[in-house]
Amino acid sequence: MSCWATVQEYAFRSLGYGERLLPRDDFTLCQQVTLIGSGMIWNVYFGVVALLFGFFLATAVALGKASSNVVLRKLAEWFIFIFRGSPLFIQFFFAYFAFLSLKQVSDVFDALPSAWLGALIVLFLNTAAYSGEIFYGALLSVPKGDMEAADAYGISGWPRFRKITWPTMLRLAWPAYTNEAIFLFHSTTLVFFSGFPAWQQRGDALYYASYFADKTFNPFVPYPILAGYFILVTLIIIGVFGAVNRRLNRHLPVASRPRFRFRPTLLR
């Protein structure tokens, strides 16, 4: 089988399209690159959807923590404390067994123990907690002069938040939020180790990398391929978020614009 035929057969296998059976012998480099790349579709899905919905929840959590309402403030504080204070790996297992219990209550919850939904919910809540703390810190750092200027012009309430507070908060938080986005995409590999099962061998990138490592007894080919894909995704995130950062700081002089620096989180 040529490499192009391999790509046609396995490029979308993780989604259920193409050849149903995995290769059994004579593993080629093209097969490994293609199948691991196919699994990356799920990692990108987990990362993009969790980041998108987590962004809005994180904004709400930050506002809740900064609120003068005691109930909202305590809810936001405990939400952040629980998801930041416990390991993500433990959250996966706890959520899986909790979702299994809900599944026994009603058929409405049948999809929750599946990786495509259950693992996504955990990633979404986890990144919302970390991002919420980042946004909260940025919210406290909004210059008082900006608020005083808004008051002087008679801008208050929702217009002031939409035009002044929220853009300034994003501008201050964006470099740290970029690192959180990168870490989130790297965290998607934990789905493979969690209790959430791959459906009909339609797993993520680590699922296929582990398959080839087990079959060939050579981890030095599939895992570097996997790492290469994640490095590529990281570069894309840096490029996209860097463009957004430049957009948020377009009104500042070039010399005073904050530059993004990638600082990986070694301990979390």
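Look up: the structure comes first, before these words.
> So what exactly am I meant to see when it comes to the environment of Leu125 here?
In this structure, Leu125 sits in helix α5 (residues 115-140). A sequence separation of 20 residues divides Leu125 from Val105, and the C-alpha atoms of the two residues are 23 Å apart. Residue contacts for Leu125: discarding those within four places in its chain leaves Leu57, Phe79 and Phe83.

> Looking at this structure, I do not really get the pattern of salt bridges. What am I missing?
Evaluation of the coordinates by the stated rule reveals 3 salt bridges. Note that Glu77 and Lys74 form a salt bridge whose closest N and O atoms lie 3.6 Å from each other. With Glu77 and Lys74 both in helix α3 (residues 70-85) and 3 residues apart, this pair spans about one turn of that helix. Assessed through its relative accessible area of 27%, Glu77 is described here as partly exposed. Note that Asp151 and Arg160 form a salt bridge whose closest N and O atoms lie 2.9 Å from each other. Given a relative accessible area of 46%, Asp151 falls into the partly exposed group.

> Please explain the nonpolar core as it appears in this structure.
Grouped burial of nonpolar side chains is what soluble globular proteins tend to show. Residues Phe92, Leu123, Phe135, Phe196 and Leu226 are the most contacted members of the largest nonpolar core, which totals 51 residues. At the level of secondary structure, the elements contributing two or more residues to this core comprise α2 (29-65), α4 (88-105), α5, α7 (157-187), α9 (205-216) and α10 (222-248). Broken down by element, the residue count for this core peaks at 10 residues, all from α2. In contact with Leu123, not counting residues within four places along its chain, are Phe46, Ala50, Leu88, Phe92, Leu184, Ser187, Thr188 and Val191. In this structure, Ala76, Ile80, Ala128 and Ala129 belong to the second largest nonpolar core, which totals 7 residues.

> Honestly, the state of the cysteines in this entry has me stumped. Any pointers?
Among covalent bonds in proteins, the disulfide is the one between the sulfur atoms of two cysteines. The final tally for this structure, using the stated rule, is 1 disulfide. The disulfide partner of Cys3 is Cys30, and the gap between their sulfur atoms is 2.1 Å. Across the S-S bond linking Cys3 and Cys30, the dihedral sits near 80 degrees, which makes this disulfide right-handed. Here Cys30 lies in helix α2 and Cys3 lies in helix α1 (residues 3-10), a separation of 27 residues in the sequence.

> Teacher, can you tell me more about the packing of α5 against α7 here?
For any two helices packed against each other, one specifies the crossing angle of their axes together with the interaxial distance. Orientation of α5 relative to α7, taken along the N-to-C sense of each, is 150 degrees, at an axis distance of 8 Å. Considering how the two elements wind past one another, α5 and α7 form a crossing that is right-handed. Across the interface between the two elements, Leu123, Thr127, Tyr130, Ser131, Ile134, Phe135, Ala138 and Leu139 from α5 touch Thr165, Met169, Leu170, Leu172, Ala173, Ala176, Tyr177, Glu180, Leu184 and Ser187 from α7. Residues belonging to the contact of α5 with α7 are distributed by class as follows: 13 nonpolar, 4 polar and 1 charged.

> I tried to follow unusual backbone geometry on my own but got confused; where do I start?
The phi torsion of most residues other than glycine is negative, and most of the peptide bonds are trans. Of note, the phi angle at Asp26 is positive, near 50 degrees, even though the residue is not glycine. Mapped onto the elements of the fold, Asp26 is located in the loop between α1 and α2. With a relative accessible area of 66%, Asp26 lands in the exposed category. One non-glycine residue, Phe217, lies in the positive phi region at around 55 degrees. With respect to the helices, strands and loops of the structure, Phe217 is situated in the loop between α9 and α10.

Thresholds applied
- Residues numbered from 1 in each chain as written.
- Predicted model: local features only at pLDDT ≥ 70, side-chain atom pairs only at ≥ 80, totals over all residues.
- Heavy atoms only, no water.
- Helix = DSSP H or I, 4+ residues; strand = E, 2+ residues; numbered from the N terminus.
- Contact = heavy atoms within 4.5 Å.
- Salt bridge = Lys/Arg side-chain N within 4 Å of Asp/Glu carboxyl O.
- Buried < 20%, exposed > 50% of the residue type's maximum accessible area, 1.4 Å probe, protein only.
- Core = buried A, V, L, I, M, F, W, Y, C linked by side-chain atoms within 4.5 Å.
- Disulfide = S-S within 2.5 Å.
- Axes fitted to C-alpha atoms, helices over the stretch in contact; angles between N-to-C directions.
- Left-handed = near helix turned anticlockwise from the far one by under 90°.
- Nonpolar A, V, L, I, M, F, W, Y, C, P; charged D, E, K, R; others polar.

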